[in-house]
Amino acid sequence: MKLTPGANLPAARRILSSVNCFRGVALLLVVASLNLVATPASIAQPIDDPLALIKVAVRTELDADDNDHSRWRYRDEQHELGTVSIVVQTDFGSVKRLISRSGKPLSTEEAAQEEERLNRFVHDSSKIAKQRKDGAADDKSARELLEMLPEAFTWSIEAENPSVVRLHFEPRPDFHPPTLQSRALAAMNGSVVVDRSQHRIITISGRLTQDVTFGFGLFGRLLRGGTFQVERRQLAPRLWQITETHVHIDGKALLFKSIGQQQDEVQTDYTPVPHGTTLEQAAVLSRP
């Protein structure tokens, strides 16, 4: 069996990876392997089967992802940290500049320190390479989890109107997850809202239906009731981006250590960034 990233890590780190997979699955549910999706011809036909609906939506997202080379500058608010940053994406990586903390702009001294940190980053090839490597590993792990969706869940139509359809998913009792990450995934239920006219995923939300234990609870436990939600919006024709991410997962690892992720992130003020923009130029563009 092919091991997912992190399979050789110590137990506590693998459990943390399971927690982080909720965000990864949510962010990357729009990507799946080719053998899970419907043929393009089926997209033009009315679809009433919920499994077919999610497959067509995934196929549309996959095609869009393959052809989306857009880069963006946006405002990133992380409410749980009380921070606001400006993020600028480039073909070479991303620059993230902190501009306020606890509702207050950075002081002159703090702003100078942030400028110095960014200047070091954009000239540090090892940090840039690590950013790319970490992003690729997250994508790979999420893709492997996504490949399990058709077999891990049962799908039904929860509500619909001429504009959107809400699909509900429940864990399949006969599914046996092969990894720590997939055990967390397989314990969720939730919903996916799909735009009918474009077959694009608008909202993804999920909830842990039961505690997930590792090593009979000695190595870790993710607590029932943990949730995630991701909102996506169309910014330009055929170009969609995530605008909100909410993750609230709690638990324990290695008997006593608390684990979890509390995230309430809102992304606004998207503006396009020209292709060929360097990281040095991105650092300048990230100034408020």
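In the block above lies the structure referred to throughout.
What counts and what doesn't
- Residues numbered from 1 in each chain as written.
- Predicted model: local features only at pLDDT ≥ 70, side-chain atom pairs only at ≥ 80, totals over all residues.
- Heavy atoms only, no water.
- Patch = residues over 30% accessible without salt bridge, like charges linked within 9 Å, V, L, I, M, F, W, Y side chains within 5 Å.
- Areas by Shrake-Rupley, 256 points an atom, 1.4 Å probe, with all protein chains shown as cover.
- Salt bridge = Lys/Arg side-chain N within 4 Å of Asp/Glu carboxyl O.
- Lys, Arg positive; Asp, Glu negative; His and termini not counted.
- Charge placed at Lys NZ, Arg CZ, Asp CG, Glu CD.
- Helix = DSSP H or I, 4+ residues; strand = E, 2+ residues; numbered from the N terminus.
- Buried < 20%, exposed > 50% of the residue type's maximum accessible area, 1.4 Å probe, protein only.
- Expected span 1.5 Å × (residues − 1).
- Polar contact = N/O pair within 3.5 Å; in protein donor to acceptor, adjacent residues only side chain to side chain.
- Contact = heavy atoms within 4.5 Å.
- Phe/Tyr/Trp six-rings, centres within 6.5 Å; stacked < 30°, edge-to-face > 60°.
- Pairing = 2+ DSSP bridges.
- Core = buried A, V, L, I, M, F, W, Y, C linked by side-chain atoms within 4.5 Å.

*Asks:* Residues and numbers for a negative patch on the surface, please.
*Replies:* A cluster of acidic residues, Asp65, Asp66, Asp138 and Asp139, forms a negative patch on the protein surface. Those elements giving two or more residues to the negative patch turn out to be helix H3 (50-67) and helix H5 (125-146). Locating Asp65 in the fold gives a position in helix H3. Given a relative accessible area of 37%, Asp65 falls into the partly exposed group.

*Asks:* Give a description of the environment of Pro150 that names residues and reports values.
*Replies:* The residue Pro150 is located in helix H6 (residues 149-152) in this model. For the pair Pro150 and Phe169, spaced 19 residues apart in the sequence, the C-alpha separation amounts to 9.9 Å.

*Asks:* Hey, could you go over H3 for me, with residue numbers and the actual values?
*Replies:* The end-to-end C-alpha separation of H3 is 26 Å, in line with the 26 Å expected for 18 residues at 1.5 Å each. The complete set of buried residues in H3 reads Pro50, Leu53, Ile54, Val56, Ala57, Val58, Arg59, Thr60, Glu61, Leu62 and Ala64. Structurally, the start of H3 carries an N-cap: the backbone nitrogen of Leu51 is 3.3 Å from a side-chain oxygen of Asp49.

*Asks:* I'd like to hear about the side chain of Ser286, residue by residue, with values.
*Replies:* Note on placement: Ser286 falls in the segment after helix H8 (279-285). Looking at Ser286, its side chain comes within polar contact range of the side chain of Arg97, at 2.8 Å. Those residues in contact with Ser286 that lie beyond four places of it in its chain are Arg73, Ile86, Val88, Val95, Arg97 and Leu118.

*Asks:* Explain the pattern of salt bridges to me, using residue names and the numbers behind them.
*Replies:* For the structure shown, the criterion picks out 17 salt bridges. With its nearest N and O atoms 2.9 Å apart, the salt bridge here joins Glu61 to Arg200. A residue pair is termed long-range when its members are at least 10 positions apart, and Glu61 in helix H3 and Arg200 in strand E8 (residues 200-208) qualify at 139 residues. As far as burial versus exposure is concerned, Glu61 and Arg200 are alike and both buried.

*Asks:* Can you tell me about the packing of aromatic side chains, naming the residues and giving the values?
*Replies:* By the definition in use, this model includes five aromatic pairs. A ring pair is formed by Trp155 and Phe169, whose centres lie 5.3 Å apart and whose planes are at 50°; its orientation type is tilted. Of this pair, Trp155 sits in strand E5 (residues 153-160) while Phe169 is found in strand E6 (residues 164-171), placing the two residues 14 residues apart along the sequence. For the pair shown, Trp155 and Phe169 are each scored as buried. Pairwise contacts between aromatic rings join Trp72, Tyr74 and Tyr270 into one cluster.

*Asks:* Go over the pairing of strand E7 (residues 188-195), please, and point to the residues and values.
*Replies:* In terms of residue burial, E7 counts as a mostly covered element, since eight of its eight residues are buried. Pairing geometry for E6 and E7, over six bridges, is antiparallel. Residue pairing across strands places Leu167 opposite Val192, the latter belonging to E7. Connecting E7 to the next strand, E8, in antiparallel fashion are four residues, including His199 with a positive phi near 60°.

*Asks:* A description of the nonpolar core should follow, citing residues and the corresponding values.
*Replies:* If you look at soluble globular proteins, the nonpolar side chains tend to sit buried side by side. Formed by 30 residues in total, the largest nonpolar core has its most connected members in Phe153, Trp155, Leu167, Val192 and Leu222. Not counting the four nearest positions on each side in its chain, Leu167 is found in contact with Pro50, Leu53, Ile54, Trp155, Ser156, Ile157, Glu158, Gly190, Ser191, Val192 and Val194. Ile99, Val122, Val273 and Ala282 belong to the second-largest nonpolar core, a separate cluster that totals 13 residues.

*Asks:* Pulling in residues and values, what's your account of unusual backbone geometry?
*Replies:* The phi dihedral of His199 falls on the positive side, at around 60°, and the residue is not glycine. Tracing the backbone shows His199 in the loop between E7 and E8. Its identity is not glycine, yet Asp269 carries a phi of approximately 55°, on the positive side. Tracing the chain through its elements places Asp269 in strand E13 (residues 257-272).

Any functional reading would require information that these geometric values do not contain.
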